[in-house]
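So you can see what is in the structure, the chains are spelled out below.
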Amino acid sequence: MRLHHIPGSRSMRVLWLLEEMGARPEVREWSLTDGSLRSPEFRALSPAGRIPALEVDGRVIFESGAIVQYLTETRAGFAPPPGTLERAEFLEWLHFAETQGGLLQNLNIQHIFLRPESARSAALMKLDTRRLDLTMRAMEAHLTGREWLLAEFSAADCMFGFNIDAMFRFVRAEGCPALSAWAARCRARPAYGRAMDGTLYTRDFYEVPDA
Ligand SMILES: N[C@@H](CCC(=O)N[C@@H](CS)C(=O)NCC(=O)O)C(=O)O
């Protein structure tokens, strides 16, 4: 198995799940900023030039959610069986992680990557921060009184591997005690610690500037 990876990016979801499964893939690191994701070599692995891609079982899979789902379908544990209501709940959280992931990506672009800085929009930052806050409130309601997203720890939790380091950089943790406690439980897992090999962030918190 070979994982195409950037520390602190969505590939952390896959690395964390593989660590939980006791699998150690070969890791090839790429960069978000040197243009290599647009190279023909990388586009042959991931057609939109996005991380992650996983070479596994004789083919390449792109899209982190597809990779996570495929891994649970080909290896025991970490997800309820197909055709059950629990499976529907698992799939909801798998895709919810990417709904939230898109908002986090927009905020990363607006707060960190976009150049020149004058091109950044306080209005867009404010809008996506509000939308992120809504996703976090939904998680807070769901996690109140529970340890994990499903009845037990699962690949749905791993799908938030990229999100956990990002969400509290834009929305303060204070209003979300159950979500913060779940994030702390995730961070305390040894497999999470092994997979968490970098961060995109240089600040603890990114305020929305005045418009
Ligand atoms: N839905 C895709 C999104 C992948 C994605 O956008 N990955 C980011 C890194 S977290 C990326 O490769 N960004 C490079 C770019 O946007 O050019 C997935 O979950 O795999």
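In what follows, the structure referred to is the one given above.
These lines cover the structure that appears in this document, whether it is placed above or below. From a predicted model like this one, the values you see are computed outputs, not experimental measurements. Position numbers for residues count from 1 along each chain, tracking the sequence in the order it is written. For this predicted model, a pLDDT threshold of at least 70 governs which residues receive local features, and a threshold of 80 or more governs which side-chain atom pairs are given and counted, while totals over whole chains, interfaces and linings are taken from all residues. Side-chain descriptors were evaluated using all non-hydrogen atoms of the structure, hydrogens and water having been removed beforehand.

So, the overall build of the protein
Going by this rule: Here a strand is any run of E in DSSP of at least two residues, a helix any run of H or I of at least four, and the numbering for each starts at the N terminus. Summary of the burial criterion: residues with accessible area below 20% of their type's maximum are buried, those above 50% are exposed, and those between are partly exposed, where the area comes from a 1.4 Å probe applied to protein chains only. Working rule for contacts: check all heavy atoms of both residues, and any pair within 4.5 Å makes them a contact. Using the Shrake-Rupley algorithm and a 1.4 Å probe, accessible areas are obtained, with residue cover drawn only from the displayed protein chains. Within this scheme the basic residues Lys and Arg register as positive and the acidic residues Asp and Glu register as negative, but His and the chain ends are omitted. All charge positions are set by atom: Lys at NZ, Arg at CZ, Asp at CG, Glu at CD.
Looking only at helices and strands, the protein features nine helices and four strands. Its helices and strands in sequence order give the protein the pattern β-α-β-α-β-β-α-α-α-α-α-α-α, from N to C terminus. Its C-alpha atoms give the protein principal-axis dimensions of about 50 × 50 × 30 Å. A buried classification covers 50% of the 211 residues belonging to the protein. Considering only contacts within the protein whose residues lie at least 6 apart along the sequence, 69% involve residues at least 24 apart. For the protein, the exposed surface amounts to about 10,300 Å²; the carbon and sulfur share of it is 53%. Side chains of the protein give 25 positive and 27 negative charges; the mean places of these two sets differ by 4 Å.

Details of the packing of aromatic side chains
What counts here: Pairs were defined over the aromatic rings of Phe, Tyr and Trp, the Trp ring being its six-membered one, requiring ring centres within 6.5 Å. Orientation was assigned from the angle between planes: stacked under 30 degrees, edge-to-face over 60, tilted for the rest. We count a charge as sitting over a ring when the NZ of a lysine or the CZ of an arginine lies within 6 Å of the ring centre and within 35 degrees of the ring normal.
Under the criterion given, the structure shown has 10 aromatic pairs. For the ring pair tryptophan 93 and phenylalanine 96, a centre distance of 4.9 Å and an interplane angle of 65° mean the geometry is edge-to-face. With a gap of three residues between them, tryptophan 93 and phenylalanine 96 both fall in helix H4 (residues 85-113), about one helical turn apart. Put simply, the rings of Trp16, Trp148, Phe153 and Tyr192 touch in pairs and so form one group of aromatic residues. Cation over ring: arginine 172 sits above phenylalanine 205, and NZ or CZ is 3.7 Å from the ring centre. Sitting over the ring of tryptophan 148, arginine 185 keeps its end group 5.9 Å from the ring centre.

Considerations on a nonpolar patch on the surface
For clarity, the cut-off: Like charges are joined within 9 Å and nonpolar side chains (Val, Leu, Ile, Met, Phe, Trp, Tyr) within 5 Å, but only among residues with over 30% relative accessible area and no salt bridge; these make up the patches. A pairing counts as a salt bridge when a side-chain nitrogen of Lys or Arg comes within 4 Å of a carboxyl oxygen of Asp or Glu.
On the surface, Leu32, Ile109 and Phe113 cluster together to form a nonpolar patch covering roughly 240 Å² of accessible area. Relative to the helices and strands, leucine 32 is located in the loop between strand E2 (26-29) and helix H2 (40-43). Looking at leucine 32, the relative accessible area reads 43%, which means it is partly exposed.

A short note on the sheet that holds strand E3 (residues 53-56)
Note on sheets: strands pair through backbone hydrogen bonds, and any given pair is parallel or antiparallel. As a reminder, the rule being used: We treat two strands as partners when DSSP finds at least two bridges between them. Note on definitions: angles span 0 to 180 degrees between N-to-C directions of axes, and those axes are lines fitted to C-alpha atoms, for helices only across the stretch in contact.
With mixed pairing, the four strands of this open sheet are ordered in space as E2-E1-E3-E4. The open sheet has two edge strands, E2 and strand E4 (59-62), and neither has a second partner. When the angles between neighbouring strand axes are averaged without regard to direction, this sheet yields 20°. Examined bridge by bridge, strand E1 (residues 2-5) and E3 share three bridges and lie antiparallel to one another. In the strand pairing of E3, leucine 3 is matched with leucine 54. Docked against the sheet, helix H3 (residues 64-74) engages E3 and E4, running at close to 125° with respect to E4.

Some thoughts on the site of the ligand
Rules: Residues are labelled near a given molecule or strand when at least one of their non-hydrogen atoms is within 4 Å of it. Distance and chemistry together define a polar contact, namely a pair of N or O atoms within 3.5 Å, with one atom able to donate a hydrogen and the other to accept it when in protein, and with adjacent residues in sequence counting only for side-chain atoms on both sides. Amino acids are sorted into nonpolar (Ala, Val, Leu, Ile, Met, Phe, Trp, Tyr, Cys and Pro), charged (Asp, Glu, Lys and Arg) and polar (every other residue, Gly among them).
Taken together, 13 residues surround the ligand, and among them Arg38, Arg50, Ile51, Glu63 and Ser64 come closest. The contact in question runs from an oxygen atom of the ligand to an N or O atom on the side chain of serine 64, over 2.6 Å. At 2.8 Å from a nitrogen atom of the ligand is found a side-chain nitrogen or oxygen belonging to glutamate 98. Compared with its free state, where it exposes 500 Å², the ligand has 87% of that area covered by protein. Looking at the shell around the ligand residue by residue, the class counts come to four nonpolar, three polar and six charged.

Topic: the packing of H4 against helix H7 (residues 161-170)
We count it as follows: In these notes the angle categories are as follows: under 35 degrees is roughly parallel, over 145 is roughly antiparallel, 65 to 115 is roughly perpendicular, and the rest is oblique. It is the rotation of the near helix from the far one that decides the hand of a crossing: anticlockwise by less than a right angle makes it left-handed, clockwise makes it right-handed.
Interhelical geometry of H4 versus H7 gives an angle of 55° and a closest axis separation of 10 Å. Viewed along their axes, H4 and H7 adopt a mutual orientation that is oblique. The chirality of how H4 crosses H7 is left-handed. Residue-level contacts link Ala97, Gln100, Gly101, Leu104, Leu107, Asn108 and His111 of H4 to Phe162, Asn163, Ala166, Met167 and Phe170 of H7. Its residues assigned to classes, the contact of H4 with H7 comprises seven nonpolar, five polar and no charged.

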